[in-house]
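# Structural description and commentary
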Amino acid sequence: MSNHYSEHFARMEATCGSLLCELQRLWNEVGETDGQWETTLLEIEQECLKVYMKKIQEAKECRTKLQRDIATAMAELSDIFTSMGESSVQRDLKPGGNLKEELEAIIPLLEDMRRKKVERINQFVGVVEQIQKLSNDILGVKEQNGNKVFVDETNLSLRRLEELHSELHELQHEKINRLNQVQGHLDTINSLCTVLGMNFKQTICRVHPALDDLNGAKDVSNSTIARLAAQIQSLQELKLKRMQKIQDLASALLEFWHLMDTPVEEQQMFLNVTCKITASEPEFTEPDLLSVDSIEKVEDEVSRLKQLKTSRMKEIVLKKKVELEDMCRRTHMVMEALISTDYSIEAMESGAIDPLYLLEQFDLQISKVREEAVSRKEILEKVEKWLAACEVESWLEEYNRDDNRYNAGRGAHLILKRAEKARTVVNKIPALVEALALKTTAWEKERGAEFLYDGGRLLTILEDYSSLRQEKETQRQRQRNQKKLHGQLIAEQEALYGSKPSPTMTAKKASRTPTTAASNRKLSFGGAMLQQVKPEKPTSRFHPNKKADSSNENSFANHHRSSGFTSHSGRRSSEVSGRVVKKQPLSAAKMREMESPAVRKPLSSVSNVVNPIVEQEKVQKGQRLSPGCKTPMAKASKPTVNGEDQNRTPKAMPNPVPTTPSTVSAPMLMAITPATPATLGAYKFEKILEQVQQIEYSFEEVRAGFFMS
Amino acid sequence: MHGGPVLDCCFHDDSSGFSASADNKVRRIMFSLGKEEILGRHDASVRCIEYSYAAGQVITGSWDKTLKCWDPRGASGQERTLVGTYPQPERVYSLSLVGNRLVVATAGRHVNVYDLRNMSQPEQRRESSLKYQTRCVRCYPNGTGYALSSVEGRVAMEFFDLSEASQAKKYAFKCHRKSEAGRDIVYPVNAIAFHPVYGTFATGGCDGFVNVWDGNNKKRLYQYSKYPTSVAALSFSRDGRLLAVASSYTFEEGDKAHEPDAIFVRSVNEIEVKPKPK
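Residues numbered from 1 in each chain as written. Chains lettered and ligands numbered in written order. Predicted model: local features only at pLDDT ≥ 70, side-chain atom pairs only at ≥ 80, totals over all residues. Heavy atoms only, no water.

### Digging into the pairing of strand β17 (residues 177-180) of chain B
Residues and elements named next belong to chain B. Alignment of β17 against strand β18 (residues 183-186), held across four bridges, turns out to be antiparallel. Within the sheet, the bridge partner assigned to R177 lies in β18 and is V186. Hairpin geometry of β17 and β18 is characterised by an intervening segment of two residues between the two adjacent antiparallel strands and by a positive phi of about 50° at A181. (Pairing = 2+ DSSP bridges. Helix = DSSP H or I, 4+ residues; strand = E, 2+ residues; numbered from the N terminus.)

### So, the pattern of salt bridges
Residues and elements named next belong to chain A. Per the stated rule, a full pass over the model turns up 44 salt bridges over all chains. In this structure, E397 engages K472 in a salt bridge whose closest nitrogen and oxygen atoms are separated by 3.5 Å. Remark: K472 occurs in helix α14 (residues 458-497) and E397 occurs in helix α12 (residues 355-401); sequence separation between them is 75 residues. Owing to a relative accessible area of 22%, E397 belongs among the partly exposed residues under this scheme. Salt bridges here are not isolated pairs; linked through shared partners, they connect D112, R115, K116 and E119. (Salt bridge = Lys/Arg side-chain N within 4 Å of Asp/Glu carboxyl O. Buried < 20%, exposed > 50% of the residue type's maximum accessible area, 1.4 Å probe, protein only.)

### Some remarks on the UniProt feature "repeat: WD" (unreviewed entry) in chain B
Residue and element names in this part refer to chain B. Following the UniProt record, the feature "repeat: WD" (unreviewed entry) maps to residues 39-71 and 189-223 here. The span residues 39-71 is 0% helical and 64% strand by assignment, and the distance between its end C-alpha atoms comes to 9 Å. End-to-end, the C-alpha atoms of residues 189-223 are 14 Å apart, and along that stretch the chain is 0% helix and 60% strand. (UniProt positions renumbered as here; feature names shortened; annotations may be inferred.)

### Some words on the environment of R178 of chain A
Residue placement: R178 of chain A occurs in helix α4 (residues 158-196). Separated by 47 residues in the primary sequence, R178 of chain A and I225 of chain A have C-alpha atoms spaced 8.0 Å apart.

### Re the packing of helix α3 (residues 99-139) of chain A against α4 of chain A
All names here are of chain A. The geometry of α3 relative to α4 is characterised by a closest axis approach of 9 Å and an angle of 25° between their N-to-C directions. Relative to α4, the element α3 is oriented roughly parallel. Where α3 crosses over α4, the handedness of that crossing is left-handed. Residues R120, Q123, F124, V127, V128, Q130, I131, L134, S135, D137 and I138 of α3 pack against L158, R160, L161, L164, H165, E167, L168, L171, Q172, E174, K175 and R178 of α4. (Axes fitted to C-alpha atoms, helices over the stretch in contact; angles between N-to-C directions. Parallel < 35°, antiparallel > 145°, perpendicular 65-115°, else oblique. Left-handed = near helix turned anticlockwise from the far one by under 90°. Contact = heavy atoms within 4.5 Å.)

### Digging into the packing of aromatic side chains
Residues and elements named next belong to chain B. What the rule picks out here adds up to 15 aromatic pairs over all chains. Here the aromatic rings of Y146 and F160 are separated by 5.7 Å at their centres, their planes lie at 40°, and the arrangement is tilted. Taken as a pair, Y146 in strand β14 (residues 145-150) and F160 in the loop between β15 (154-159) and α2 (164-167) lie far apart in primary sequence, 14 residues in all. Judged on exposure class, the residue Y146 and its partner F160 are both buried. In textbook terms, an aromatic cluster arises when at least three aromatic residues are bridged by ring pairs, as seen for Y140, F159, Y171, F173, F194, F201 and W213. Lying over the aromatic face of F159, K169 brings its terminal NZ or CZ to 5.0 Å of the ring centre. (Phe/Tyr/Trp six-rings, centres within 6.5 Å; stacked < 30°, edge-to-face > 60°. Lys NZ or Arg CZ within 6 Å of the ring centre and 35° of its normal.)

### Section: α4 of chain A
When the terminal C-alpha atoms of α4 of chain A are compared, their 55 Å separation across 39 residues agrees well with the 57 Å that a helix rising 1.5 Å per residue should span. Positive phi shows up at G197 of chain A, right after α4 of chain A, with a value of about 75°. (Expected span 1.5 Å × (residues − 1).)

### Some words on the sheet that holds strand β20 (residues 201-205) of chain B
Residue and element names in this part refer to chain B. Here four strands make up an open sheet; going across it, the order is β19-β20-β21-β22 and the pairing antiparallel. Single-partner strands in this sheet number two, and they are β19 (189-194) and β22 (219-223). Each neighbouring strand pair of the sheet contributes to a mean axis angle of 25°, computed without reference to strand direction. Two strands pair when backbone bridges link them, and β19 and β20 are joined in this way by five bridges, in the antiparallel orientation. Counterpart to A193 in the pairing with β20 is A202.

### Details of the UniProt feature "coiled-coil region" (unreviewed entry) in chain A
Sites flagged by UniProt as "coiled-coil region" (unreviewed entry) map to residues 49-76 of chain A. For residues 49-76 of chain A, the end-to-end C-alpha separation is 39 Å, with 100% helix and 0% strand making up the annotated structure.

### Considering helix α13 (residues 412-447) of chain A
All names here are of chain A. Between the first and last C-alpha of α13 there are 50 Å, a value that for 36 residues agrees with the 52 Å anticipated at 1.5 Å per step. Those residues of α13 lying buried are A412, A419, A422, V426, I429, V433, L436, T440, W443 and E444. The positive-phi residue at the C-terminal boundary of α13 is G448, with phi of around 70°.

### What to know about the confidence of the model for chain B
Confidence in the prediction of chain B, expressed as mean pLDDT, is 92, and 97% of residues score 70 or more. Complex prediction metrics read pTM 0.37 and ipTM 0.89. (pLDDT = per-residue confidence, 0-100.)

### Section: the environment of K131 of chain B
Residues and elements named next belong to chain B. Looking at the secondary structure, you find K131 in the loop between β12 (124-127) and β13 (134-139). A relative accessible area of 71% means that K131 is categorised as exposed. Distance in space between the C-alpha atoms of K131 and R154 is 9.5 Å, their sequence separation being 23 residues.

### What to know about the nonpolar core
Counting residues in each nonpolar core, the largest one holds 31 residues, and the members touching the most others are I189, I246, L253, F284, L290 and V298 of chain A. Secondary-structure elements contributing two or more residues to this core are α4, α5 (200-207), α6 (222-260) and α9 (292-330) of chain A. Looking at this core element by element, the count peaks at 12 residues for α6 of chain A. For V298 of chain A, the contacting residues outside a window of four places in its chain are I246, L249, L253, F270 and V273 of chain A. Grouped together as the second largest cluster of nonpolar side chains are 17 residues, V210, V212, V231 and A262 of chain B included. (Core = buried A, V, L, I, M, F, W, Y, C linked by side-chain atoms within 4.5 Å.)

Following this line, the structure appears as structure tokens:
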């Protein structure tokens with residue numbers, strides 16, 4: 001181009017020159033002055049300069065613009081390069097090339113790079129968006145669509161992209177981890193809930209409502225995870241607690257089973273619990289194994305077995321008590337002496353005393369008693385022998401009293417033999433008692449305690465028995481002496497009167513009195529009296545009757561009524577009195593017969609021989625029965641009798657109320673008018689109570705007033 | 001001869017006693033001689049009579065609302081024998097002696113406790129703790145208190161000592177009742193008698209039963225079989241081996257047909273009257 005340029009240039013110069021030459025010529029022709037020529041040349045030069053200058057200016061401007069454009073483009077390109085992290089290699093800058101060409105070259109490059117940049121930006125945006133979403137998820141912030149994603153456009157390098165990608169990966173990992181964690185927690189909670197028998201859905205919904213949704217997005221925020229962890233913690237604590245409780249209960253169960261030999265069927269139900277007695281926490285996985293119900297069931301079973309044990313204990317204690325009582329009875333020991341505290345069933349049931357303690361005590365006592373029983377054995381045997389001998393003795397006594405014993409009859413010889421044997425036994429009794437006493441004293445000395453037989457000191461019993469025996473002996477002697485005397489008396493009488501009382505009578509006398517004495521211990525006084533009075537009885541007893549001969553009938557009748565036992569009709573009393581009167585001539589023996597039954601009548605009084613009248617009453621009492629009830633209303637017959645008895649003994653005084661008013665001369669002075677109670681009619685108990693509010697009356701007042709009105 | 005019903009009597013010694021009659025007179029009765037003499041008079045029926053060995057006096061309570069003390073050693077005639085007259089708030093229904101103490105129960109549920117050595121005024125003026133009419137009052141043989149029975153089948157056990165400790169021991173119990181168709185039929189308890197040896201006591205009621213009670217252990221010891229009609233009076237013999245039971249209709253239901261009167265004397269078994277501590 002420069003060549004072309006230079007040609008063109010030369011031509012132009014030539015042209016100009018020629019033109020100038022022409023101009024010169026013209027001017028010469030015209031005759032213009034040199035000065036004007038100079039000025040016109042200057043003008044033409046200046047004008048030409050201007051045009052050139054303008055064109056140069058334009059060209060300069062163009063050149064500047066181009067340069068500027070290129071610079072801008074280059075700047076942008078380098079920008080992009082830097083931002084994209086590539087070295088800004090200006091490889092397209094061709095030295096020697098013109099600017100337009102340069103620009104032409106740069107533009108597409110720029111375009112290209114711009115495109116690349118946009119691409120890169122998009123990539124970044126994508127990653128950053130994801131990152132943001134994930135971090136939102138992780139932080140638990142709700143996603144907000146339309147949030148402008150911030151991308152740092154200054155650093156779009158691949159390295160940065162790599163960084164972002166790795167960040168994204170991390171977050172993804174994190175999210176997956178957290179999801180796994182949450183799932184893991186949920187699984188744990190699920191298993192815990194199964195074991196504890198709790199509702200899984202309810203539990204996790206309490207933590208976060210969305211967790212229940214299987215398909216929905218799970219919240220994986222820290223708080224959620226923390227809450228899940230806390231829930232797991234609490235559930236595990238609960239599980240541990242229940243596990244310990246159930247293990248304790250299970251061990252108690254095993255104890256009870258062992259103690260009471262529970263049958264296998266009963267054990268079967270709780271095997272699932274007892275087999276886990278040494279298990280650790282993770283081994284408890286069976287559903288509902290640790291549920292509230294399950295634990296309650298085991299608790300109930302334990303308490304049931306406990307009660308069973310206590311009742312069995314009580315049974316055992318009772319058995320022991322019975323055994324102890326039995327032993328004591330057999331060895332004739334008294335239990336109260338052994339046991340000081342109250343080992344009664346009531347004390348045990350009220351829980352005041354532990355059955356185990358009682359059991360121990362009883363065992364102790366039993367062994368003590370056993371040991372003592374062994375040492376007592378010998379003496380007890382001797383006591384048995386002695387008691388048997390006493391029985392034989394009493395049989396012998398009885399036999400001796402039987403007067404018919406020598407009469408020949410069926411088996412009489414056997415009885416005679418028996419009596420002989422009995423006599424030998426009886427003779428040995430003193431020696432037996434002596435030996436027994438010696439043995440007992442020795443035993444007492446050895447043991448340092450008294451030998452008690454059924455609560456009483458054996459030695460005292462033996463002493464009493466010996467003294468009693470001696471008394472009997474002396475009594476027997478006395479009897480024999482008396483008999484002798486009596487025999488002498490009879491003999492004297494015979495000598496005086498020349499007759500002997502019939503032997504049968506005397507025999508009866510002899511037989512009768514001892515029986516009365518023996519069988520009627522309570523009334524021994526009476527019996528003895530009978531015995532002593534025996535000889536004189538027939539005569540002395542009827543003396544008072546004979547004395548009061550004249551008024552006998554009446555007095556008896558009055559006694560009858562006056563005793564107030566029963567109110568007999570007039571006829572009845574005369575009957576009785578008749579009987580009484582007839583009694584007088586009876587024989588002595590018969591009289592005694594009459595009296596002995598009378599003495600024994602249950603409701604009769606003690607015989608008081610001092611007052612013969614009382615004795616008569618006694619007889620009448622024996623016949624006392626309640627005849628037809630006739631109310632003690634006024635009887636016309638009585639008042640006359642009353643008049644007679646004015647001066648008699650108190651027993652001869654009449655009787656029931658109604659008779660007296662008719663004879664009383666002075667009216668009864670009552671503090672209260674009798675009329676008032678009378679108007680009230682039939683007195684029911686309630687009415688009497690009512691009267692309490694008005695004026696109250698006692699029954700006696702009412703009755704007295706009633707009869708007065 | 002008595003001019004009216006004999007409402008009460010008591011022993012002086014083995015040969016004599018005293019009687020209180022509805023003819024207003026107090027008599028001394030000599031058993032052996034078969035004689036009697038009038039000791040004094042009241043203005044109305046003499047309801048109860050006791051002889052005090054400590055004071056050597058006869059004490060009578062009457063429906064004329066007075067209590068009179070008589071000296072039996074004085075010659076007959078009211079002026080010489082009457083020792084004192086003591087007004088009561090109401091008609092006297094029952095009285096009992098132990099040692100130097102006298103308990104008087106009157107109508108209107110009054111109870112007066114006297115010291116025989118100073119009769120000018122009662123030692124204690126009390127009211128029966130039962131809500132119904134008093135039937136009988138008897139002192140404990142040990143002299144610490146008295147038993148009081150009412151017409152409502154109840155007996156109250158009271159104590160003389162007014163200290164809190166003693167009053168805390170007092171109680172009342174229901175007795176002589178019959179349960180029929182869900183309701184209780186109550187009978188008056190007419191008589192109380194203390195066993196001289198054991199201190200337990202028997203009560204007799206209009207239901208015809210005699211019950212023996214242990215007041216200390218609050219238990220009934222025995223119940224004798226039913227008597228033909230109401231038990232009007234009870235008395236133990238001095239040695240406590242016999243119990244006399246008066247079976248006689250006491251007119252609690254007015255005038256009606258009834259069993260004949262009878263006195264039963266029964267022997268007393270130790271097991272029926274001996275206290276049984278728990």
